[in-house]
Amino acid sequence: MIIDDEPLARELIKSYVDKTPGISLEGCFESAAEAVKTVLGGNIDLVFLDINMPTLNGIEFAALIPSQTRIIYITAYENYALQGFKVNALDYLLKPVSYQEFVKSVGKAFEWQAMRKAYESSSKSSPEMLTVRADYRLVQMKLDTIKYIEVQKDRVIFYRSEGEPVSSLMSLSELEEILPSDKFMRVHRSFIVNLNQIEVVERNRIVFGKTYIPVSESKKDEFLSRLKQS
């Protein structure tokens, strides 16, 4: 889906979609408000989305759509980049977008989709394992060895008690859905922790060696309650 209030921008991205194998255009809208009903239908995998639009801007729109629908922002304003990554955008492109930049971003979408399928397959056969796509390889991790997960722009980093950190093109929101909720909790907008791996909590911070993970004020009560139960 393409959403942009500039006709020339919509036509450019449409021309890119038309000549790119593996993707097809399901809708083209000049406002996010017009697109909400279609995207809530659950059949849209990827949205090429402008940010600065009237009525409903791209950041607000991102908060309304299903988590399995991923976003590539295409905008003229560089200062929105941080906000874009906070709502789990796959990529953030500045206008005018070249076809090379477009294809690279679409590649990220394919990588994310492959990772999700790999996880769904592995979780059925081994619910105690997590399979993620790390660049061009699949990595299997025991859930019990994951200490915490940190988001960095459009990627998440898995820190483990066994093995090196693993970087994957995912979002924390997506991980919240697929990780077992009795073991893992999102304690901050940038962190998910394994409750069974926690040994020290100090001044509303979780301590893993020399790493201090903040617990958001809004999560504090729930975190302390669940920590007692784990």
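Because the structure is a prediction, the values reported are computed rather than measured. (Residues numbered from 1 in each chain as written. Predicted model: local features only at pLDDT ≥ 70, side-chain atom pairs only at ≥ 80, totals over all residues. Heavy atoms only, no water.)

Peer 1: Looking at this model, I keep getting lost on the overall build of the protein chain. Mind explaining?
Peer 2: Broken down by element type, the protein chain carries seven helices and 15 strands. Along the longest, intermediate and shortest principal axes, the C-alpha atoms of the protein chain span 55 × 35 × 30 Å. The buried share among the 230 residues of the protein chain stands at 47%. In the protein chain, 48% of the contacts between residues at least 6 apart in sequence involve partners at least 24 apart. Of the side chains in the protein chain, 29 bear a positive and 32 a negative charge, and the two mean positions are spaced by 5 Å. (Helix = DSSP H or I, 4+ residues; strand = E, 2+ residues; numbered from the N terminus. Buried < 20%, exposed > 50% of the residue type's maximum accessible area, 1.4 Å probe, protein only. Contact = heavy atoms within 4.5 Å. Lys, Arg positive; Asp, Glu negative; His and termini not counted. Charge placed at Lys NZ, Arg CZ, Asp CG, Glu CD.)

Peer 1: Honestly, the nonpolar core in this entry has me stumped. Any pointers?
Peer 2: Nonpolar side chains in soluble globular proteins tend to end up buried together. Grouped together as the largest cluster of nonpolar side chains are 21 residues, with contacts concentrated most on Met 1, Ile 3, Val 39, Val 47, Leu 49, Phe 61 and Tyr 73. Secondary structure elements with two or more residues in this core: α2 (32-39), β3 (46-49), α3 (58-62) and β4 (70-75). Among the elements that take part in this core, α2 stands out by supplying four residues, more than any other. With near-sequence residues (within four places) excluded, Val 39 lies in contact with Met 1, Ile 44, Val 47, Phe 61, Ile 65, Pro 66 and Thr 69. Grouped together as the second largest cluster of nonpolar side chains are 19 residues, Ile 146, Ile 149, Phe 158 and Leu 175 included. (Core = buried A, V, L, I, M, F, W, Y, C linked by side-chain atoms within 4.5 Å.)

Peer 1: Just checking my understanding: could you explain the sheet that holds strand β14 (residues 205-208) for this structure?
Peer 2: As a general point, the strands of a sheet are linked pairwise by backbone hydrogen bonds and lie either parallel or antiparallel. On the basis of which strands lie adjacent, the open sheet formed by three strands has the order β13-β14-β15 and antiparallel pairing. Each end of this open sheet is capped by a strand with a single partner; those strands are β13 (200-202) and β15 (211-214). Within this sheet the neighbouring strands show an average axis-to-axis angle of 35°, counted without direction. (Pairing = 2+ DSSP bridges. Axes fitted to C-alpha atoms, helices over the stretch in contact; angles between N-to-C directions.)

Peer 1: How should the sheet that holds β4 be read in this particular structure?
Peer 2: The strand order across the open sheet formed by five strands is β2-β1-β3-β4-β5, and the pairing between neighbours is parallel. In this open sheet, the two edge strands, each paired with only one partner strand, are β2 (28-29) and β5 (91-94). Here strand β1 (residues 2-3) runs beside β3; their pairing, made up of two bridges, is parallel. Bridge pairing in β3 links Ile 2 to Phe 48.

Peer 1: Looking at this structure, I do not really get the layout of surface pockets. What am I missing?
Peer 2: Empty pockets left among the atoms are what a rolling probe the size of a water molecule brings to light. What the largest pocket holds in volume is close to 330 Å³. Where the lining of the largest pocket is concerned, the elements lending two or more residues are β3 and α5 (99-125). Considering every element that reaches the lining of the largest pocket, the biggest residue donor is α5, with four residues. For the lining of the largest pocket, a count of residues per class yields 11 nonpolar, four polar and three charged. (1 Å grid on protein atoms, 1.4 Å probe; cavity = no way out; pocket = protein on both sides within 12 Å on 5 of 7 lines; lining within 4 Å. Points joined across faces, edges and corners; volume = space filled by probe spheres on them. Nonpolar A, V, L, I, M, F, W, Y, C, P; charged D, E, K, R; others polar.)

Peer 1: Would you explain α2 in this entry?
Peer 2: Because each turn of an α-helix spans 3.6 residues, side chains separated by three or four positions end up pointing in the same direction. Among all positions in α2, only Ala 32, Ala 35, Val 36 and Val 39 are buried. The arc enclosing the buried residues of α2, seen along the axis, measures out at 125°, which places them on a common side. In the core, the buried residues of α2 are packed alongside β1, β2, β3 and α3. (Arc of directions from axis to C-beta.)

Peer 1: Can you help me understand the environment of Gly 27 in this one?
Peer 2: Looking at the secondary structure, you find Gly 27 in the loop between α1 (7-18) and β2. On the accessibility criterion, Gly 27 (11% relative accessible area) is buried. Taking the C-alpha atoms as reference, Gly 27 lies 9.4 Å from Val 47; in sequence the two are 20 residues apart. Gly 27 has contacts with Met 1 and Ile 2, leaving out every residue within four places of it along the chain.

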